[in-house]
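Spelled out from the first residue to the last, the chains are:
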Amino acid sequence: MDSIDGLKRTHNCSSLTEASLDQEVVLMGWVLRRRDHGGLIFVDLRDKRGVTQVVFAPEVDAKTHEKAHGLRSEYVIAVKGKVRRRPEGMENPKITTGMIEVAAHELRILNTSKTPPFPLDEDVEPSEALRLKYRYMDLRRPGMMGNIIFRHKVAQAMRQYLNGHDFTEVETPMLTRSTPEGARDYLVPSRLNPGCFYALPQSPQLYKQILMVAGLERYYQIVRCFRDEDLRADRQPEFSQLDMELSFIDEEDIIVLVEGLISHVFSETLGIKLKTPFPRLTYMEAMERFGTDRPDTRFGLELRDITNIAAKSGVSVFERAVASGGVVKAINAKGMAGLSRKELDDLTEFAKGLGAKGLAWVKIKEDGSWQSPIAKFFSEDERQAIETRLGAAAGDILFFGADQKAVAYKVLGELRLELARQKGLLPKGVFNFTWVTDFPLLEYDKDQGRFVAVHHPFTAPKPEDIGLLESDPGSIRSRAYDLVLNGVEIGGGSIRIHQYPVQQRIFKALSITEDEARDKFGFLLEALLFGAPPHGGLAFGLDRLVMLMAGRETIRDVIAFPKTQKAQCLLTQAPAEVSVTQLAELYLKPGWNLDKQGG
RNA sequence: GGGGUCGUAGUUCAGAUGGUUAGAACGCUGGCCUGUCACGCCAGAGGUCGCGGGUUCGAGCCCCGUCGGCCCCGCCA
């Protein structure tokens, strides 16, 4: 093993071109591959930036050539040599440095490496468990390294834009208090306050509102948030938000600002010019046309309502659904009448898995007739009416969902996505943004027997709806807005309540008692009494945004050290048991791990 | 809490209906090779088939349990 002493790296492995011919250079990095021809040895040297071919030849330096025989994958080396043009016809157009090579006359082996647990070239994808255990090897792969660097660029572009718009970045506490509403908290016991716990923030919501009361006017923060809920491809227990809050603004100001921000980020990092303003949908429109509040607008297959036609048809499941207050929605899957019986059975199972009782379908045959288990129940007029409403033509297949609104929307909304996936209707490299506005402020929670906030309890109601707060809380619309990208919610926010009496009324509608409100949110309520300005904001899911921009399917690929679905870190083995002494200091009793403690 | 799927060599995978000694490719080790770039050629090593139990004359394959990765519902953003 050799020392780095006396050697200075002069270039990285992507920077050498024909402009550097005949220069003496020093490169340092990892051995990606060695092609040993006996008399001549090629090494692909990789560093953070790229790959450069190094040649070891006896006529350049016999000892160095001899030493290069011993190189193996992932050895860390430094080479000193001369940049030369590759012989005619030996260029490699696949790498940026493919026109040149470095003829090494000095080789230092700075470290050796065990044989990697999985190959670092990206032809075969190792299992995720292995990648996470050896994350440092996984991150060496150019794709993953690229993701991490790209994420940094996105964050920098965000900061650059906001710094230029009079925003101030402020850090808020990680050790905060647990509040009701929202997700389950991660708790941290307090040694100095026996029996008391901090909570890790689900978001800096209350702090950023307090900053507005403080008069900061424009705040942002790229901040870690924690939610102790079950994981998904796009959900980690800790995730990052670009969190923003502004004073003296309304919805329009925020939407315009965010469109500028996103456009700047896309332009700076991907070179893509986005078209603004982004399309907007109300929550109602989104639900009725796409069956979800986060519509993927990259393709059609929109939902249509045929409740009034189906109500009178002889199809008993339709009639029953309508009679019990439900709806009948339909999708026209254009040109998909070729779906096989097996495929239709699978789609039916898919629908049942989402709560549907079944999945009715109608194929429009070439002669215009209906092929369907339920065809016989419809009159000619009803068929006509349905075809007209759905724009149906020969070769189409229609799917129906008849149920309570929530179920019918969900089933057809998901079916729409599933059909799009199966038929390849989800183009890569297309970025369809949609604002969704006019969310309901409250929804009734059957389990708790009370209304709960759809967004959070500090969201302002629409002024024209506020009169309904006591009479019909479920119908009030809020001043909340979500930003959706390709069917993924990447941002959400609202105009907040800044007047004490309004906040009081909302708490009351949420069945939060005055005592409880004072106990849990007293500091905010009091702050509202000291000249709180009108304010509102928005938070972006940074991981999700970067994931979509990078064309990945899970946020784990854009997080350096993510956790598994069981919220474990395979690299560090966190979470882990702690000593009884540690527990005692925190006034916690051991013994809750019933399996291992034998009850 | 629930549903689905996967687990076989270092890696990615193949192993119909249960049947002799569990295979391939890449990687690894040794040898040869002066224009390769997924170098080539020759030889070789490498397996508790996730783990435990059961059925059977016989289990990688069947059954039960369990552990782990992933996807999804609920939950949550």
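Look up: the structure comes first, before these words.
Residues numbered from 1 in each chain as written. Chains lettered and ligands numbered in written order. Predicted model: local features only at pLDDT ≥ 70, side-chain atom pairs only at ≥ 80, totals over all residues. Heavy atoms only, no water.

A. Main features of the overall build of chain A. Of the regular secondary structure elements, chain A holds 17 helices and 22 strands. Overall size of chain A, expressed as C-alpha extent along the three principal axes, is 90 × 75 × 60 Å. By the burial criterion, 46% of the 599 residues in chain A qualify as buried. By sequence separation, contacts in chain A at least 24 residues apart represent 68% of the contacts at least 6 residues apart. Carbon and sulfur atoms form 52% of the exposed surface of chain A, whose accessible area is close to 29500 Å². Put simply, chain A has 79 plus and 83 minus side-chain charges, and the middle of one group is 3 Å from the middle of the other. (Helix = DSSP H or I, 4+ residues; strand = E, 2+ residues; numbered from the N terminus. Buried < 20%, exposed > 50% of the residue type's maximum accessible area, 1.4 Å probe, protein only. Contact = heavy atoms within 4.5 Å. Areas by Shrake-Rupley, 256 points an atom, 1.4 Å probe, with all protein chains shown as cover. Lys, Arg positive; Asp, Glu negative; His and termini not counted. Charge placed at Lys NZ, Arg CZ, Asp CG, Glu CD.)

B. Local environment of the pairing of strand β9 (residues 218–226). As paired strands, strand β6 (residues 168–169) and β9 are joined by two bridges and run parallel to one another. When the bridges of β9 are listed, Thr168 appears paired with Tyr219. With nine bridges connecting them, β9 and strand β10 (residues 238–247) associate as antiparallel partners. Residue pairing for β10: Cys225 is matched across the bridge by Phe239. (Pairing = 2+ DSSP bridges.)

C. Structural view of the protein's contact with RNA strand B. Close to RNA strand B lie 49 residues; Asp36, Met90, Glu101, Arg227 and Asp230 are nearest. One nitrogen or oxygen atom from the main chain of Met90 is found 2.2 Å from a base nitrogen belonging to RNA strand B. Those elements that provide at least two residues to the surface near RNA strand B are β1 (24–36), β2 (41–46) and α2 (128–133). Taken together, the residues of the surface near RNA strand B sort by class into 13 nonpolar, twelve polar and 24 charged. (Near = heavy atom within 4 Å. Polar contact = N/O pair within 3.5 Å; in protein donor to acceptor, adjacent residues only side chain to side chain. Nonpolar A, V, L, I, M, F, W, Y, C, P; charged D, E, K, R; others polar.)

D. Up close: the sheet that holds strand β3 (residues 51–56). On the basis of which strands lie adjacent, the closed barrel formed by five strands has the order β1-β2-β3-β5-β4 and mixed pairing. Neighbour-to-neighbour, the strand axes of the sheet open up by a mean angle of 55 degrees, direction not taken into account. In this structure, β2 lies alongside β3, joined through six bridges in antiparallel fashion. Its bridge partner being in β3, Leu45 is matched across the sheet by Thr52. (Axes fitted to C-alpha atoms, helices over the stretch in contact; angles between N-to-C directions.)

E. Representation of the packing of aromatic side chains in the model. Per the counting criterion, the structure on display carries 14 aromatic pairs. Relative to Tyr481, the ring of Trp435 has its centre 6.3 Å away and its plane inclined at 80 degrees; by these criteria the two rings are edge-to-face. Of this pair, Trp435 sits in strand β17 (residues 433–437) while Tyr481 sits in strand β20 (residues 480–485); the two residues are 46 residues apart in sequence, bridging distant segments of the chain. Per residue, the accessibility class of Trp435 equals that of Tyr481, and both read buried. Relative to Phe521, the ring of Phe507 lies with its centre 5.2 Å away and its plane at 10 degrees, an arrangement referred to as stacked. Separated by 14 residues along the polypeptide, Phe507 in helix α13 (residues 500–509) and Phe521 in helix α14 (residues 514–528) bring together distant segments of the chain. Of the two residues, Phe507 and Phe521, both sit in the buried class. Ring pairs connect the aromatic residues Phe266, Phe278, Phe431 and Phe433, which therefore count as one cluster. The ring centre of Phe299 lies 4.0 Å from the NZ or CZ of Arg416, which sits over that ring. (Phe/Tyr/Trp six-rings, centres within 6.5 Å; stacked < 30°, edge-to-face > 60°. Lys NZ or Arg CZ within 6 Å of the ring centre and 35° of its normal.)

F. Seen up close, the packing of helix α10 (residues 341–353) against helix α12 (residues 405–422). It is the contact of α10 with α12, at a shortest axis distance of 10 Å, that shows an interaxial angle of 140 degrees. As judged from the angle between their axes, α10 and α12 are oblique. With respect to the hand of their crossing, α10 and α12 are arranged in right-handed fashion. In this structure, α10 uses Leu347, Phe350 and Ala351 to contact α12, whose residues at the interface are Val411, Glu414, Leu415, Glu418, Leu419, Arg421 and Gln422. In terms of residue class, the contact of α10 with α12 is built from six nonpolar, one polar and three charged. (Parallel < 35°, antiparallel > 145°, perpendicular 65-115°, else oblique. Left-handed = near helix turned anticlockwise from the far one by under 90°.)

G. Looking closely at α10. Look at α10: 18 Å from first C-alpha to last across 13 residues, which is about the 18 Å you get at 1.5 Å a residue. Of all the positions in α10, only Leu344, Leu347, Thr348 and Ala351 are classed as buried. Projected onto a plane normal to the axis of α10, the buried residues spread over an arc of 105 degrees and lie on a single side. Opposite the buried face of α10, by more than 90 degrees, sit the exposed residues Lys342 and Gly353. Structurally, α10 contributes buried residues whose contacts are with β14 (360–364), β16 (397–403) and α12. Phi turns positive, to about 110 degrees, at Gly355, one or two residues after α10. (Expected span 1.5 Å × (residues − 1). Arc of directions from axis to C-beta.)

H. Region of interest: the side chain of Glu382. Relative to the helices and strands, Glu382 is located in helix α11 (residues 380–390). Despite its burial, Glu382 remains without a salt bridge, the nearest opposite charge being carried by Lys312 at 6.8 Å. Within polar-contact distance, the side chain of Glu382 engages the backbone nitrogen of Ser379 at 3.0 Å. Those residues in contact with Glu382 that sit more than four places away from it in its chain are Ile309, Lys312, Ser313 and Phe377. (Salt bridge = Lys/Arg side-chain N within 4 Å of Asp/Glu carboxyl O.)

I. Focus on the pattern of salt bridges. What the rule picks out here adds up to 47 salt bridges. Note that Arg84 and Glu101 form a salt bridge whose closest N and O atoms lie 3.1 Å from each other. Taken as a pair, Arg84 in strand β4 (residues 76–85) and Glu101 in strand β5 (residues 100–111) lie far apart in primary sequence, 17 residues in all. The class of Arg84 is partly exposed, set by a relative accessible area of 32%.

In short, the description is geometric, and any link to function would need to be established separately.
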